[in-house]
Every structure is written in structure tokens, then in C-alpha cells.
Amino acid sequence: MRAPHLSVRRCWLVLFCALAIIATSAGREDHVCESGTCAERDHPGPDVVRVILSGDGSISIRGETYHPARYSSDVMRTVRQVQRSSHLLEQLEKEISNGDNPLDTIVDIISSIIDDLLELSVLHKEQWMKDLALQFEEPVAEVLNDHSLELVDDHFNKAANAYETTSLIYQRIWNFLEGDLLLSIYDQETISTGQSTVFAQFSDLFQQRYNGRMGESATEDCSKAYHYLMQARLWNEKSMLLLRSSTPRAFERELHDQVIQEQSLNSGYLSIRRGIVLIDLYTFGFKLSDDNSMHQSSSGTGVFNSLVLGKLDEGQRSHLMLAMSNLEDGAQVYNAFFAENEGQYIEFELEYTANLADAYHYMASVHTYMNEWEEASDKAKTSMEHYEFVFDEYYHTSMTAEAIDIASQMISTSLIQFETFLYLPRKIDDAKDSFRRHLEIRRFAMRQTALDQPLSDDTTNQDGFAHQQDSFGDTDDSLEETLQQYMAQLEDYLKLKQETGPDGTYYETYFDEGASTVTHDSLYEGSMRLAIGSLLLDMSKLWEARSELESAITLLRDGISRGDVALDAYDDNGNLVNYPVEIDLANALLNLAYAQMGLHQWKRSYEAFEESMRIFEVELHDDEAPMNNAGLVTGSNSFNEPSDKYTSWRDRLSSFFQLGPTAKEDGSGTGVDTTESESSGGIQIDSFEFTGNSSSTPHY
């Protein structure tokens, strides 16, 4: 998300310089603080922001050392600026101790050392994100040497240190201003706003690190992102309280109202961010418990229950509704702002619109977790409309980098959009249009190919593509076990197939009443390879998945051409149902479209998708939808409106395995003490306490 922008037109405040500094940093997102609730704990003293110049020319900022030979000239220039201004911190402490008025020193600190620290944090963050991305390039050795690989984590740590140092300085200034009744509340509001902005940026730093990752370290980063985001919200609320309790003079009224509006937009931004991180926590297995604390069960349990079991427990539903309410609150702020300023120039209109698009995107995500496909489709459509507006503005003004950034956001929204159509009846044409648009957006983000250009396939061989293919997420260990079981079944079948007799039969089974011979079964082998290809797709092994799926399609077409148009299949109750094999073929083509999309074979991907939809359109009744009949590996229909006509192709092959993390039927997993208090590691915000197990969530 784009961070809030703050005005620089508040020169009527004693600390007018602060606003310019905060505005400069606000265009760069992000936040961290390692212990306690930063807004409330006692300040540990000036030593925590000590800057030391060593004899070898290195400079240390709160224990993080900078050797000139290791860092870029921009980093070292900024570090030296921090070092040259560090005497102001000692001067501030002396003035406070002597009872002198430190306002001039505070203004100097904000306009120098805080500005420099924020610039330093951004430099480290940008370099960290750049180096992180390079790790996925091919070959890694040519773009990152051992020295720069070592610096990846170092840049993250130093960005975190710069953010935390800034927050500690703000805290020290706040402690002084809060206790001096002679000072203007606008001075206090300026500091609290700066502190809120730093914490929001610090939160984003951790959010960037856990995005797309799973495991304990990612869970820990997610919990930190939430913790620091709530600190940003606390400081924002302090600012709003200060402004609303003030009575501006007549000539101050206009600027006073403007500042209140800015803080309201900041509040909306933080609400959206909170909703997003709550959804991320949900994917890590967190949910609200009866005591309104966040309890972590097995990682991924919420998503598993949503998409596989098709049901949520009360804690999971409450957690998602909390996320939804925050997203709706944030969107309401932005919508009200746009309505109030309709037809007027809005300085940060594109940034605000993009934030609004983010809000609707994640609302759509919540609806998908709750299997509310109509609502998800509506929210995804609204999100895409806002993203399209921003994208067009950037694209047509040749702001390519910004257009690529928005297109990257649009990828996930357009994915939700076309997939929701697959869960809705009579939406096949909409699904095809949305899928084509998704391919165009994905291609632009990766190749900067104009959106109006016809779809064509990228030509890259398998070896050259190994580190470039798209990933559809982390894989669960259970998938590998399941894959091996299917491959063993296929291997047994192929061995029997090699024993084909002169008459075309390939095995003979003896029963009490005689013998049975069976000829080659194209449908069986095709369905088997479809299952294997789909599992490989789930595991992001796209080349292998494509090969198996193409083989499955050939075999299924062969079986259909022989007149085998239906198979014996059973519904969830064990009743025999008629299952047209064309559904298997449509499923295979749909999965092939996903694999080819991941391999950047845009034209072939759309062709496979289009053929899949054409088959579904023929085979399904008017009240049926493709994904409500495509089935999942659990062997049970997982949707709110189950179909009793068809069952999954995987059901017919096996019923002994389950996709997803190990979970009990009630969705529980690794338990934690949900009564944990703030003193023992919880965070109590708005009556919701955030707790985690000892293996994944630190005690602050």
C-alpha cells in the first residue's frame, strides 16, 4: 500500500519543520520497536541513540556499524550527516536537565537527524528489496556475489535500526512536550503524527519480508507487522484527540480543518493496513478466541477450512469480520473524501485511489474465504475499476515504473475476479473476458508489453526458465506424499499395460467364478495423469505439470473418441452418479491454462482456458458453475451450494488423502493460552488481545 501523504502547509505550528520531514518520508511505505508498547514505556535515556565515530572511520548508530568500504556512497553520505547532527541529541538532554527551553534544538533535530535517519531507512529498505528480488534471478551467482548476499539481511537490520532510532527520538521529544503545559497542542500533534508515520513505515518493512513466505519466521514477521501497525494507530488516535480538543482561532480554522482531514485520511489508511495484516494473520492460522484474543492454530488452518472444508468456526469467522470492518472503515473514509472533493484538484488522488483499490481487493479476499462468491465478484470489480483508473493515468503519462507497480497489484485482483466467475452460474463469458485481461496485465507487469497487443507465447526453454516461472504459492509437505502415491499407482498400471496380450488385453484377474481381462483404459490413465499434473501444478512444478496435463488431455480425448462418455462415480453419500468424462477434460484444460500462464505461454493459456469453458458450458446445467463441479482433492464438495450431480475426478481415483496442513476436524491445532495478558506477551488493542505460540510469536 501507499503510505499517507502529509501536508507541508502548517507553518503556523511552532514545529513547522516537522511536517516537511514527515511529508518527505510518507511517500515511502513502512515500521519496528523491539520491546514494550512504544507509546507508553519509559524512555531508556540518550544512550539508545548514541552515534559513535571510530578511529578506523567507521560510524556506529545504536550498535549498527557502518564501514565505508561496505556501503554505497549515498548510504555513507547519509550516515555522516546523522553523525554530524548527533550532538543535537546531547544538547537536547542538557537543555531539558537545565530547565532551558529546547524548542530551537527540537526543530533542528527534526530538520536534520530525523530527516537523515528516515532517508537512511529508505535507502536500506530499497537496497534490501532489490537484493531480495535478485535472489530469484537466474543465475544467482552472476547477479549476487557472496559479499552482497551477506548484505541482504544487513540492509534489513539497518533499516529497522534507523526506524527504531527515529521512533526513540520522537518519544524523547514527546515526553518533554507532553509535560509542558505552556506548549501548543499543535506541537504535540506534530510529534505524534511523525511517530505514527514512522511506526506505519516500520510495520510495512516486516510486511514486505513475510509476503509470499510461510513458516515460523514469516509468522513472527507478520505478528511484528501487526504490533507496530497498532502502535501507529495509537499515535494517530493521539493526534486526532489533540486536534478535536483544541479551539482554533478564526484565522487558524481553515488550516485546522485541513489538518483534521489529513489525520482522518491517515486513520483510513491505517484501518486498511490493519485489515490487510489481519487477513495475513488468518492465513498463518490466527483467529479470534472467545475471550477476544488472537489464537494461533496450525498455520494455514483458516484457509484450509475456508477453501477445502467449506466451513469456518466462530473464531475464524469473527477474525475475518474484524478484518472486513477495518477495510470498510478505511474505504468509507476515502469514499467520503472523494465525494466531498468531487470535481476539485486532489494533490494525492492517485495514491488515495490506489489505497481504496487495495481495500476493495482485500474485501474480495475475505468474501472468497467465506465462500461468498457474488460479494467477492462485486468487490473485485470495484477494486479493478480503481486500479484501472490509476494504471491508465500512469501508463498514458509514461510513468512506467509506477504503472508496473500498479499492474503488479492488479494481477492478484484480476485473478480473484475471473476465479469468482468460475464459482457462479451463467458467468462463463465474464470468466473468459476476465481471464484474458488477467493475462494481459500479468504480461505487462513482466514484459511491459502493451495491453492492446495480441496474446503471444514467450519463447523460453525449460532450462532458461527454471528461475523465472511464476509460483502459485508455497507447497505443503502432504502434497509430495500424495503425489508419490498417485505416481506409484500409475507405475503399476503402466507395468500391467506392458503385458498386453495378442488380443490387446493387458492383465488377467482370477476370481472365484472365473477370469477377467481388461483392455487399455485411456480414461483411467488420463484421469490418473490429470491428478498427477494437478498436484505438480499445486507444487509449482510447472514444466512437469504441463507435460502430465497435456498427456492427460490426449488420453481423455482418445477415450471420448472411443465412445466412453461416462464413468461410474459416487457422490459424498456413496451413491452412484452419472459422471460425464468431458468434465475431466474441462478440468485438465483449466489446469493446463494455469500451468501455461505460469510459464508465460499467454496465447496457449487462453486457448486452453477458452476450450475448458466451452466444455463446461455444454456439460453444466444453467444453475451450475465450473468450479462447483471441478472438485477438490478431499473427496467432499467444499462449497456452499454443493452439486449432487458430479463428483471430483480425484474422488474416483483415491479417497485416502487430504490436501493442506494437518488439522483436527474442529480446525484446531497448536494451542496457546488465550488468556495470556499484556504483561506476558499479548497486545490488547480495542479489546482484542494478540497472542501466539512460543515457537512463532515473540514476547514483546
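The structure this text deals with has already been given above.
Just so it is clear, the structure is predicted and the values come from calculations on it, not from any experiment. Each chain has its residues counted from 1, following the order in which its sequence is written. In keeping with the predicted nature of the model, local features appear solely for residues at pLDDT of at least 70, side-chain atom pairs appear and are counted solely at 80 or more, and the whole-chain, interface and lining totals rest on all residues. The side-chain quantities take in all heavy atoms of the structure and omit both hydrogens and water.

A. Focus on the nonpolar core. If you look at the biggest cluster of nonpolar residues, it comprises 91 residues, and the most contacted ones within it are I109, I169 and I173. For this core, the element with the highest residue contribution is helix α6 (residues 146–178), accounting for 14 residues. The contact criterion used is simple: two residues touch if any of their non-hydrogen atoms lie within 4.5 Å. For I169, the contacting residues outside a window of four places in its chain are V49, L89, I109, I113, I114 and L117. By nonpolar core we mean a set of buried residues, namely Ala, Val, Leu, Ile, Met, Phe, Trp, Tyr and Cys, connected to one another through side-chain atoms within 4.5 Å. The buried label applies to any residue whose accessible area, calculated with a 1.4 Å probe on protein chains only, is under 20% of its type's maximum; exposed applies above 50%, and partly exposed to all values in between. If you look at the next biggest cluster of nonpolar residues, it comprises 54 residues, including L556, W602, Y606 and M627. A run of H or I in DSSP becomes a helix once it reaches four residues, and a run of E becomes a strand once it reaches two; helices and strands are each numbered from the N terminus.

B. Fine view of the pattern of salt bridges. Just to be clear on terms, a salt bridge is a Lys or Arg side-chain nitrogen sitting within 4 Å of an Asp or Glu carboxyl oxygen. Overall, the coordinates contain 26 salt bridges when judged by the stated rule. The shortest N-O distance in the salt bridge between E252 and R249 comes to 2.6 Å. A relative accessible area of 7% places E252 in the buried class. A salt bridge links D430 to K427; its shortest N-O distance comes to 3.8 Å. Judged by its relative accessible area of 31%, D430 is partly exposed. K427 sits in the partly exposed class, given a relative accessible area of 27%. Residues joined in a network through salt bridges with shared partners are E64, D154 and K158.

C. Summary view of the packing of helix α7 (residues 185–210) against helix α8 (residues 216–244). In this description, a line fitted to the C-alpha atoms serves as the axis of each element, helices being fitted only across the stretch in contact, and the angle between N-to-C directions of two axes falls anywhere from 0 to 180 degrees. The contact between α7 and α8 brings their axes to 8 Å, and the two run at 165°. Considering their axes alone, α7 and α8 lie roughly antiparallel with respect to each other. Between α7 and α8 lies a crossing of left-handed hand. Considering only residue class, the contact of α7 with α8 consists of 15 nonpolar, ten polar and five charged. Oblique is the label for any angle not under 35 degrees, not over 145, and not in the 65 to 115 range, which are roughly parallel, roughly antiparallel and roughly perpendicular in turn. Take the far helix as your reference; a near helix turned counterclockwise from it by less than a right angle gives a left-handed crossing, and one turned clockwise gives a right-handed crossing. Under the grouping applied here, Gly and all other residues not named as nonpolar or charged are polar, the nonpolar ones being Ala, Val, Leu, Ile, Met, Phe, Trp, Tyr, Cys and Pro and the charged ones Asp, Glu, Lys and Arg.

D. Inspection of the sheet that holds strand β1 (residues 51–53) at higher detail. When DSSP finds two or more bridges between two strands, those strands count as paired. Ordered by their spatial adjacency, three strands build an open sheet running β1-β2-β3, and the pairing between neighbours is antiparallel. Looking at the sheet topology across the chains shown, the edges are occupied by β1 and β3 (64–66). Put simply, the sheet's adjacent strands are angled 20° from each other on average, direction ignored.

E. Molecular detail of the packing of aromatic side chains. Pairing of aromatic side chains here covers Phe, Tyr and the six-membered ring of Trp, requires ring centres within 6.5 Å, and sorts the geometry by plane angle: under 30 degrees stacked, over 60 edge-to-face, intermediate tilted. Using the criterion set out here, one finds 23 aromatic pairs in the structure. Both rings, one in F391 and one in Y395, keep their centres 5.4 Å apart while their planes meet at 15°; by these two values the pair is stacked. Of this pair, F391 and Y395 both sit in helix α13 (residues 373–396), four residues apart, which is roughly one turn of that helix. In textbook terms, an aromatic cluster arises when at least three aromatic residues are bridged by ring pairs, as seen for W128, F156, Y163, F202, F206 and Y228. A ring has a charge above it when a Lys NZ or an Arg CZ is no more than 6 Å from the ring centre and no more than 35 degrees off the ring normal. Directly above the ring of Y66 sits K158, whose terminal nitrogen or CZ lies 5.1 Å from the centroid. Just above the ring of F156 sits the side chain of R209; from NZ or CZ to the centre is 3.8 Å.

F. Representation of the environment of W602. Structurally, W602 is set in helix α21 (residues 602–619). Separated by 159 residues in the primary sequence, W602 and R443 place their C-alpha atoms 7.8 Å from one another. Every residue in contact with W602, bar those within four places of it in the chain, is listed here: L439, R442, R443, M446, L455, S456, D457, D458 and M597.

G. Up close: α8. Between the first and last residue of a helix there are one fewer steps than residues, each counted as 1.5 Å, and that sum is the expected span. For α8, which comprises 29 residues, the first-to-last C-alpha distance of 42 Å matches the rise-based estimate of 42 Å (1.5 Å per residue) to within 8%. Within α8, 21 of the 29 residues are buried, which leaves the element mostly enclosed by the surrounding structure.

H. Spatial organisation of unusual backbone geometry. Its identity as a non-glycine residue notwithstanding, N371 has a phi of 55°, on the positive side. Among the secondary structure elements, N371 is positioned in the loop between α12 (349–369) and α13.

I. Here's a closer look at the environment of D187. By the element assignment, D187 lies in helix α7. Separated by ten residues in sequence, D187 and L177 have C-alpha atoms that sit 7.5 Å apart.

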